[in-house]
Amino acid sequence: MQVIARLLDRSLPQPPADLLQGPALNAIWARCRPEGLHAVEALFYCRGRLFVAIPGSAQAARLRQEAPDLLARLRAEAGLGAIREIVARRVGRERPRSLGHDDRPVRSPVGSRCFASLAQAVDDAPLKASLARLALALASGSPEDTRRA
């Protein structure tokens, strides 16, 4: 049994010795980050690189601007003395909310019924036609039907 335990211990991947994540990293990040980067989240630190999640391009630009001072503050913290770069990963939706993961619009029978009933209640003919096309597009999942709306 001890032989099997040693084999497993040697064969399983081990995390890098300098890996830092979770509450320890979050505490350091909270102390060092500028107030303007409050929406940027530290993910993990490994081998001289701090990986962060950025919600948008404005925060990314701000991070690039603040990077030299931020790196100096981070190097002063225990466990991050060898930090050489911050790697930003954009998070959030890159696509419009109506699109699914395969770039096809999502079908919405409930939304379709709602717009169809609204179209029946409207007196304005062009608006009525647009609402009816939108209801049809939501029912079928076809983006072409919504372009004329």
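Residues numbered from 1 in each chain as written. Predicted model: local features only at pLDDT ≥ 70, side-chain atom pairs only at ≥ 80, totals over all residues. Heavy atoms only, no water.

J.: So what's going on with the packing of aromatic side chains? Residues and values would help.
T.: Within the structure shown, the criterion is met by 1 aromatic pair. Between F44 and F51, the ring centres sit 4.5 Å apart and the planes meet at 20 degrees, which makes this aromatic pair stacked. Relative accessible area serves as the criterion here: at 30%, F44 is assigned to the partly exposed category. (Phe/Tyr/Trp six-rings, centres within 6.5 Å; stacked < 30°, edge-to-face > 60°. Buried < 20%, exposed > 50% of the residue type's maximum accessible area, 1.4 Å probe, protein only.)

J.: If you had to explain the pairing of strand 4 (residues 85-90) to someone new, which residues and values would you point to?
T.: Pairing analysis gives 6 bridges linking strand 3 (residues 49-54) to strand 4, with the strands arranged parallel. Note that in strand 4 the partner of R49 across the bridge is E85. Handedness of the β-α-β unit built from strand 3, helix 3 (residues 57-75) and strand 4 comes out right-handed. (Pairing = 2+ DSSP bridges. Helix = DSSP H or I, 4+ residues; strand = E, 2+ residues; numbered from the N terminus. Right-handed = clockwise from strand over helix to strand, strands pointing away.)

J.: Mind laying out the sheet that holds strand 4, listing which residues take part and the relevant values?
T.: Either a parallel or an antiparallel arrangement is found when strands of a sheet pair, and the pairing is made through backbone hydrogen bonds. Spatially, 4 strands are ordered 1-2-3-4 in an open sheet, and the strand pairing comes out mixed. Only two strands of the sheet have a single partner each, and these edge strands are strand 1 (20-21) and strand 4. Pairing geometry for strand 1 and strand 2 (residues 41-46), over 2 bridges, is antiparallel. Within strand 2, the residue paired with L20 across the bridge is Y45. Each of strand 3 and strand 4 touches helix 3; the most contacted strand, strand 4, lies at about 155 degrees to it. (Contact = heavy atoms within 4.5 Å. Axes fitted to C-alpha atoms, helices over the stretch in contact; angles between N-to-C directions.)

J.: Before we move on, can you summarise the confidence of the model for the chain with the specific residues and values?
T.: Regions with low pLDDT carry predicted coordinates that are not meant to be interpreted in detail. With 77% of its residues at a pLDDT of at least 70, the chain reaches an overall mean of 79. In the model, residues 94-102 has pLDDT below 50 throughout and makes 10 contacts with residues more than four positions away in sequence or in other chains. Taken together, the stretch residues 144-149 has pLDDT below 50 and engages in 9 contacts with residues farther than four places along the chain or on a different chain. (pLDDT = per-residue confidence, 0-100.)

J.: Residues and numbers for the pairing of strand 2, please.
T.: Summarising the sheet, strand 2 and strand 3 pair through 5 bridges and their orientation is antiparallel. Paired with C46 across the two strands is R49, which belongs to strand 3. Remark: 2 residues form the turn of the hairpin made by strand 2 and strand 3, two consecutive strands paired antiparallel; R47 in that turn has positive phi of roughly 50 degrees.

J.: Run through the nonpolar core, naming residues and quoting values.
T.: The biggest cluster of nonpolar side chains holds 20 residues, and the ones touching the most others in it are W29, L50, V52, L70, L74 and I86. Those elements that place two or more of their residues in this core are helix 2 (22-32), strand 2, strand 3 and helix 3. Tallying contributions element by element places helix 3 first for this core, with 5 residues. If sequence neighbours within four positions are ignored, L74 has contacts with I28, W29, C32, L50, L80, I83 and I86. (Core = buried A, V, L, I, M, F, W, Y, C linked by side-chain atoms within 4.5 Å.)

J.: How would you sum up unusual backbone geometry? Please name residues and give values.
T.: The backbone of R47 sits at a positive phi, close to 50 degrees, despite the residue not being glycine. Following the sequence through the fold, R47 ends up in the loop between strand 2 and strand 3.

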